[in-house]
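Structural overview
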Amino acid sequence: MQISKKEQADIRDKLLAEKTEFNKRVTTIHQNAKNPLDADSAEQAAQIGNVAVVSALESEAVTELAHIDAALQRLESGNYGTCVSCGERISIGRLLARPASTECVDCAELDSPG
Ligand SMILES: [Zn+2]
């Protein structure tokens, strides 16, 4: 099953919207990271705990951005929508729900047990 031009356009829009969203998130994280720690020691402890959470969120956002860019490149090159593991077409429903997907539902389930 080929992806129609309309679906490709929808997917590109979604990817670009997600990209904007994740870029905003990274910017916000960076701005928060620049704020000096509060003088109160209990606050400090809480903030240091937040730093670990924030850096996890940041690396998650950066990873998502890489996936989104890769998906946009696949759209350009015409390779979009093919499972990287088994080479089968990824269903359009899955692509519309998760446009940065690189694997079909079956392979994605194999990769993430539980
Ligand atoms: Zn697959």
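These numbers were taken from a predicted model, which means no experiment stands behind them.

**Details of the overall build of the chain**
When you go through the chain residue by residue, the secondary structure sums to 4 helices and 0 strands. The linear arrangement of helices and strands in the chain, starting from the amino end, is α-α-α-α. Put simply, the chain has 114 residues, and 11% of those count as buried. In the chain, the share of contacts with a sequence separation of at least 24, taken over all contacts with a separation of at least 6, comes to 57%.

**Some thoughts on the nonpolar core**
Counting residues in each nonpolar core, the largest one holds 9 residues, listed as Ile 11, Leu 15, Ile 68, Ala 71, Tyr 80, Ile 90, Leu 95, Ala 100 and Cys 104. In contact with Ile 11, not counting residues within four places along its chain, are Leu 75, Leu 95, Leu 96 and Pro 99.

**What about the environment of His 67?**
Take His 67: it is sitting in helix α2 (residues 41–77). As for His 67 and Lys 19, which are separated by 48 residues in sequence, their C-alpha atoms are 9.6 Å apart.

**Section: the confidence of the model for the chain**
Of the residues in the chain, 87% reach a pLDDT of 70 or more, and the chain-wide mean stands at 87. The secondary structure element of the chain with the lowest average pLDDT is α2, at 85, and the one with the highest is helix α3 (residues 92–97), at 93.

**Points about the environment of Ala 100**
In this structure, Ala 100 sits in the loop between α3 and α4 (105–111). For Ala 100, a count of 20 C-beta atoms within 10 Å gives the class buried. On a C-alpha basis, the gap between Ala 100 and Ile 68 in space is 5.3 Å, while along the polypeptide they are 32 residues apart. Ignoring any residue separated from it by four or fewer positions in sequence, one finds Ala 100 in contact with Leu 15, Glu 64, His 67, Ile 68 and Ala 71.

Criteria and cut-off values
- Residues numbered from 1 in each chain as written.
- Predicted model: local features only at pLDDT ≥ 70, side-chain atom pairs only at ≥ 80, totals over all residues.
- Helix = DSSP H or I, 4+ residues; strand = E, 2+ residues; numbered from the N terminus.
- Buried ≥ 20, exposed ≤ 12 C-beta atoms within 10 Å, placed from the backbone.
- Contact = placed C-beta atoms within 7 Å.
- Core = buried A, V, L, I, M, F, W, Y, C linked by C-beta atoms within 7 Å.
- pLDDT = per-residue confidence, 0-100.

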